[in-house]
Structures are given as C-alpha cells and as structure tokens.
Amino acid sequence: MKIDLLSEKSDAPRRLAVLGGCGGVGRCLVEEAIAQGVDVVVMDLESSLERYPVPSGVSSFAVDATNPLSLRKAFSGIERNWGSMDGFVNLCGFVSETRPLSEFDYAEWQTTIAGNLTAAFLAANLAIPLLSKGSGGSLVNTTSGLAANTRPGFGAYAAAKAGVNSLTKTLALEHAPTVRVNSVAPGAIRTAFLEGGTGRTNDFSKPLVDIDAMAAATPMQRVAEPKDVVDPIMFLLSDASLYITGQILWINGGGYRP
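Numbering of residues starts from 1 in each chain and follows the order in which that chain's sequence is written. The predicted origin of the model limits local features to residues at a pLDDT of at least 70 and limits the giving and counting of side-chain atom pairs to 80 or more, whereas totals for whole chains, interfaces and linings rest on all residues. Side-chain descriptors were evaluated using all non-hydrogen atoms of the structure, hydrogens and water having been removed beforehand.

1. A closer look at the overall build of the protein chain
Then comes step 1: Secondary structure elements are defined from DSSP: runs of H or I of at least 4 residues count as helices, runs of E of at least 2 residues count as strands, and each element is numbered from the N terminus. Counting its regular elements, the protein chain contains 7 helices and 7 strands.
Then comes step 2: In sequence order, the protein chain lays out its α and β elements as β-α-β-α-β-α-β-α-β-α-β-α-α-β.
Then comes step 3: Burial status follows relative accessibility: with a 1.4 Å probe on protein chains alone, a residue under 20% of its type maximum counts as buried, one over 50% as exposed, and anything between as partly exposed. Classification of the 258 residues of the protein chain by burial places 50% in the buried group.
Then comes step 4: Here the protein chain has roughly 12,100 Å² of accessible surface; of this, 53% comes from carbon and sulfur atoms. Shrake-Rupley sampling with a 1.4 Å probe provides the accessible areas, and residues are treated as covered by the protein chains on show and by no other component.

Here it is, written out as structure tokens:
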C-alpha cells in the first residue's frame, strides 16, 4: 500500500531529511521516499557517503552526528536550501562488540552513549525548528527492542536506546501539536548494522547475533528486512498517523510484546 509522506493538500514540496541515510534501512527509506515524489536530503559519515553515493537528485551532507558543529553546519545548509522541512528521520546509531558491562571502560561507554543517545538529542534540537515552520511536521527516531527487552552483552547500547525512548516521549510532549515525535524500535534487521553499523564495518561475515537462532525464536520465523522497518517509518511520517505522537512502534515479528 502506498502511503504518501505528509499532506498532499499543501502546495509546498514535501521535504524529508534522513540522518544515517547510507545504512541498510536508510538506503531503502531514501528509495521509497523518492518513489513517492519526496525531496530528500541524506546526512551520514563521509566514509559512508563515499561507499554508498546518494541517488541522482538527492542532496547530501557529510556529518559526524556526535559533533554539534558538524550537525549544525548540515542543518544550516538544509535551511538555506529549503527554508523548512516536513519530515526528519534519525537512523543514526551503532552497537559495540558484545560483552558484559563490567568489561566496558569509560571511553567505550561514552562513545556508545554519544553515538546513539547524544546524537539523537543534538539532531532533534536542530531538526524541530525546521519542522515547526509552516504547518508542522513529523520526526521519527530509531531505538531498539533491546531498550526494553534487554539481553546480556548489549548493556551500553540498550541504555542509550532506552534514553532515546524517553527523549522521544519528552520531545513529543514539548512540541505538540506542531511537531509529532515517534520512534520505531526494530529487532534484528538483516543489514551491516549487526556488525556495528554501515560506517564502522567493511563486510557482513561476522554478525553480532546468531541470525538463524534469532529467526527460529521469532513468531514470524525470520529476522527483519529493511523494508519491514521502512514502511512503518513512512506511516509515521504520513497523514495516516496525524493523531499519533510520543509512541514507540515495536517492529520485531512478535518476538517482544510489551
């Protein structure tokens, strides 16, 4: 089913910015948005943009999402080009090598929190002013089933994504009714993220989880593909979800049922 991004009643171009648009889900999201006639800007690491060039006609900005100045420069560029935007999706994040929290050092903890939670905070505070212009817009964060359904070895990542859940709910309250803020919380997705993230890995040969075992333990008997996450994101960006804000949409094939 085709779900158009935002209202077709408006004469203004529909504009979507995607942070982490070079990842497996990000590339699928960009393709779907383009197919629906949406103007798209991609923000990602310079190395990711080099490895996965954006489609023709799509603008891009190289950013370090943990660096406030880098993000501010990118959003300033979007404002100069567009003036405002209708949708923003934050797909930024990575998971560290799995091991007990007692074996994490302070620097690694800080890096994980910065790349998942602090980056979401910085990006949201820059995106919302652009979304607030005109008739308002929709912001979609990405968290994880691990934020609530914790597992050994993922402590720092789970804590960061739990923070993103709380951040999402707070932003939704603070910016309603002009901007809607929701999150998607996928389980395992068959992308390079399972090795740490698109910008942090070179292959897909050593996944962080046993994909076959996870699929067997999931009611749907498989792990997610990028499209399984992209369609719900498009729903949360669209007018079909105008009365939905502050929500966490769990996408896990029935593996976790809060």
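2. Examining the sheet that holds strand β5 (residues 137–142)
Then comes step 1: Here a strand pair is declared whenever DSSP counts at least two bridges between the two strands. Pairing within the open sheet is parallel, and its 7 strands lie in the order β3-β2-β1-β4-β5-β6-β7. Two strands in the sheet have a free side with no partner beyond their single neighbour: β3 (59–62) and β7 (248–251). Taking the axes of each pair of neighbouring strands and ignoring which way they run, one obtains an average angle of 15° across the sheet.
Then comes step 2: Alignment of strand β6 (residues 179–186) against β7, held across 4 bridges, turns out to be parallel. Residue pairing across strands places V184 opposite L249, the latter belonging to β7.
Then comes step 3: Throughout, a contact is declared for two residues whenever any of their heavy atoms are within 4.5 Å. Only the stretch in contact is used when fitting a helix axis, every axis being a line fitted to C-alpha atoms; angles between N-to-C directions are given from 0 to 180 degrees. Contacting β1 (15–19), β2 (39–44), β3 and β4 (87–90), helix α3 (residues 68–82) runs over the sheet at an angle of about 165° to β2.
Then comes step 4: Contacting β1, β4, β5, β6 and β7, helix α7 (residues 226–237) crosses the sheet at an angle of about 165° to β6.

3. Describing empty space enclosed by the protein
Then comes step 1: Only protein atoms enter the calculation, which uses a 1 Å grid: trapped sets of points that fit a 1.4 Å probe without letting it out are cavities, open sets showing protein on both sides within 12 Å along at least five of seven lines are pockets, and any residue with an atom within 4 Å of a point is a lining residue. Grid points are joined across faces, edges and corners, and a volume is the space filled by probe spheres set on the points. Per the stated rule, a full pass over the model turns up 1 cavity of 30 Å³ or more.
Then comes step 2: Taken as a whole, the largest cavity holds about 40 Å³ of empty space.
Then comes step 3: Contributing to the lining of the largest cavity are V95, S96, E97, F104, T112, G153, F154, G155, A156 and Y157.
Then comes step 4: For the lining of the largest cavity, the element with the most residues is helix α5 (residues 155–175), which contributes 3 residues.
Then comes step 5: Residues are grouped as follows: Ala, Val, Leu, Ile, Met, Phe, Trp, Tyr, Cys and Pro are nonpolar; Asp, Glu, Lys and Arg are charged; every other residue, Gly included, is polar. Here the lining of the largest cavity is built from residues that sort into 5 nonpolar, 4 polar and 1 charged.

Shape descriptors only; they carry no functional weight alone.
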